[in-house]
Amino acid sequence: MPNLYLDSEETVQPKPTVPDSTTAVAATPPPPPEVVTPGQVELKANEPHIFTCFHENPEGIHFQNQEADEKIILFLRHHYITTLGWQIATLLLLIAPLGALALFPYLNITLPIPLRYIVILGIFYYLIIFGFAFVNFVIWFYNVGLVTNRRVIDIDVDSINSKDVAATALSDIIDIAYNQKGFQQTIFDFGDVYMETQATKPNFEFLQVPHPSRVTDIISSMIVRRSHR
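Here's what I pulled together on the structure shown here.

### Considerations on the overall build of the protein chain
Next, step 1: Per the secondary structure count, the protein chain includes 6 helices and 8 strands.
Next, step 2: Counting the 229 residues in the protein chain, one finds 27% classified as buried.
Next, step 3: Sequence-distant contacts, at least 24 apart, represent 51% of the contacts inside the protein chain between residues at least 6 apart.
Next, step 4: On the protein chain, roughly 16400 Å² of surface is accessible, and the fraction owed to carbon and sulfur atoms is 62%.

As structure tokens, then:
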């Protein structure tokens, strides 16, 4: 219907619509959720924790002189149960002075040296104990066996400043066997894996590693596959 309050020559200009801020915000689509591919899920699930002693196809582990197409198939350390000896010894040495001090009042024993010297001796004593535990942990942590798609690597650490690294190609291994001795190794499923190489090369061994039968099967199957290529 024509507007009676306007001249015939005037035209009605439509008013610009100002979008409501509330409506505009509501109409903005939310960002798409992060999509995790199956490969990413497998990668995160297969990352070994820092204290692992047996892991197949680990991700996120690399070693010196690793080739570009070389993949780690097996990561090994000594079984956890082999560390109980020094862990229990450390615990007993830590609580021994406290137990002795607690018994002194009941035995009517007085120490012939001032208290400040006792504190200093106690500090040195605990430093020695922590050093003992640290050295044993380092030896366990850095004694590592690696099996890749190309070779077998044995890293032996005897002390903080002593390391021995040996490697041999899978094609040089001519025989492999494992051995489990005693009740403890049978119950906790760990043992020694021995690899015999060619006469000109030293033999290799992974000592006190978890699941020795599984380790032997993995290495044997890889040797067979490489021999049929």
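### Notes on the packing of aromatic side chains
Pairs of aromatic rings are described using the distance from one ring centre to the other and the angle between the two planes.
Next, step 1: The tally for this structure, following the rule as stated, stands at 7 aromatic pairs.
Next, step 2: Ring plane angle 75° and centroid distance 6.0 Å describe the contact between F51 and F137, whose orientation is recorded as edge-to-face. Separated by 86 residues along the polypeptide, F51 in the loop between α2 (38–45) and β1 (54–56) and F137 in helix α4 (residues 115–142) bring together distant segments of the chain.
Next, step 3: The class of F51 is partly exposed, set by a relative accessible area of 39%.
Next, step 4: Relative to W140, the ring of Y80 has its centre 6.1 Å away and its plane inclined at 35°; by these criteria the two rings are tilted. Remark: W140 occurs in helix α4 and Y80 occurs in the loop between β2 (72–76) and α3 (84–107); sequence separation between them is 60 residues.
Next, step 5: Assessed through its relative accessible area of 35%, Y80 is described here as partly exposed.
Next, step 6: Here W140 falls in the buried class, since its relative accessible area comes to 7%.
Next, step 7: These aromatic residues form a ring-pair network of at least three members: F51, Y80, F137, W140, F141 and Y142.
Next, step 8: For the cation-ring pair, R77 lies above W140, with the distance from its terminal atom to the ring centre recorded as 5.2 Å.
Next, step 9: Above the plane of the ring of F141 lies R77, whose end atom (NZ or CZ) is 4.2 Å from the centre.

### A few points about α4
Next, step 1: With 28 residues, α4 extends 41 Å between its outermost C-alpha atoms, agreeing within 8% with the 40 Å of an ideal straight helix rising 1.5 Å per residue.
Next, step 2: When α4 is considered as a whole, its buried residues turn out to be I129, A133, V138, W140 and F141.

### Comments concerning the sheet that holds β1
Next, step 1: What the 5 strands build is an open sheet, ordered β1-β2-β3-β4-β5; its pairing is antiparallel. A single partner strand is all that each edge strand has here, and the edge strands are β1 and β5 (162–169). In this sheet, adjacent strand axes meet at a mean angle of 10° when their direction is disregarded.
Next, step 2: Direction of pairing for strand β3 (residues 144–148) relative to strand β4 (residues 151–159): antiparallel, over a ladder of 4 bridges. Bridged to V144 within β4 is I155.
Next, step 3: Across the sheet, α4 touches β3 and β4, and the angle it forms with β4 is around 175°.
Next, step 4: Set on the sheet, helix α6 (residues 212–227) makes contact with β1, β2 and β3; between it and β2 the angle comes to about 155°.

### Quick notes on the nonpolar core
Here is a general trend for soluble globular proteins: nonpolar side chains tend to be buried in one another's company.
Next, step 1: In terms of nonpolar packing, the biggest core is built from 19 residues, with M195, F206 and I219 touching the most fellow members.
Next, step 2: Looking at this core, the elements with two or more residues in it are β2, β6 (173–179), β7 (190–197), β8 (204–210) and α6.
Next, step 3: When residues in this core are grouped by element, the largest group, 5 residues, is from α6.
Next, step 4: When near neighbours in sequence (up to four residues on either side) are disregarded, I219 contacts V147, L170, I173, I176, M195 and F206.
Next, step 5: Counting residues in each nonpolar core, the second largest holds 8 residues, with F63, F75, V144 and I155 among its members.

### What about α3?
Next, step 1: For α3, spanning 24 residues, the distance from its first C-alpha to its last is 33 Å, which sits close to the expected 34 Å at 1.5 Å a residue.
Next, step 2: Of all the bends in α3, the greatest, near 30°, is centred on A96, and the proline P97 appears no more than four residues after it.
Next, step 3: Just beyond α3, the residue with positive phi is N108, at close to 55°.

### Describing the pairing of β3
Next, step 1: Where burial is concerned, most of β3 is hidden: 5 out of the 5 residues are buried.
Next, step 2: Side chains V144, L146 and T148 of β3 all project onto a buried face; the interleaved residues G145 and V147 project onto the opposite face, where all are buried too.
Next, step 3: Across 4 bridges, β2 lies against β3 in antiparallel orientation. The residue bridging I72 from the neighbouring strand is T148, located in β3.
Next, step 4: Between β3 and the antiparallel strand that follows it, β4, lie 2 residues.

Thresholds, definitions, all that
Residues numbered from 1 in each chain as written. Predicted model: local features only at pLDDT ≥ 70, side-chain atom pairs only at ≥ 80, totals over all residues. Heavy atoms only, no water. Helix = DSSP H or I, 4+ residues; strand = E, 2+ residues; numbered from the N terminus. Buried < 20%, exposed > 50% of the residue type's maximum accessible area, 1.4 Å probe, protein only. Contact = heavy atoms within 4.5 Å. Areas by Shrake-Rupley, 256 points an atom, 1.4 Å probe, with all protein chains shown as cover. Phe/Tyr/Trp six-rings, centres within 6.5 Å; stacked < 30°, edge-to-face > 60°. Lys NZ or Arg CZ within 6 Å of the ring centre and 35° of its normal. Expected span 1.5 Å × (residues − 1). Pairing = 2+ DSSP bridges. Axes fitted to C-alpha atoms, helices over the stretch in contact; angles between N-to-C directions. Core = buried A, V, L, I, M, F, W, Y, C linked by side-chain atoms within 4.5 Å. Bend = angle between axes of the 7 residues up to and from the residue.

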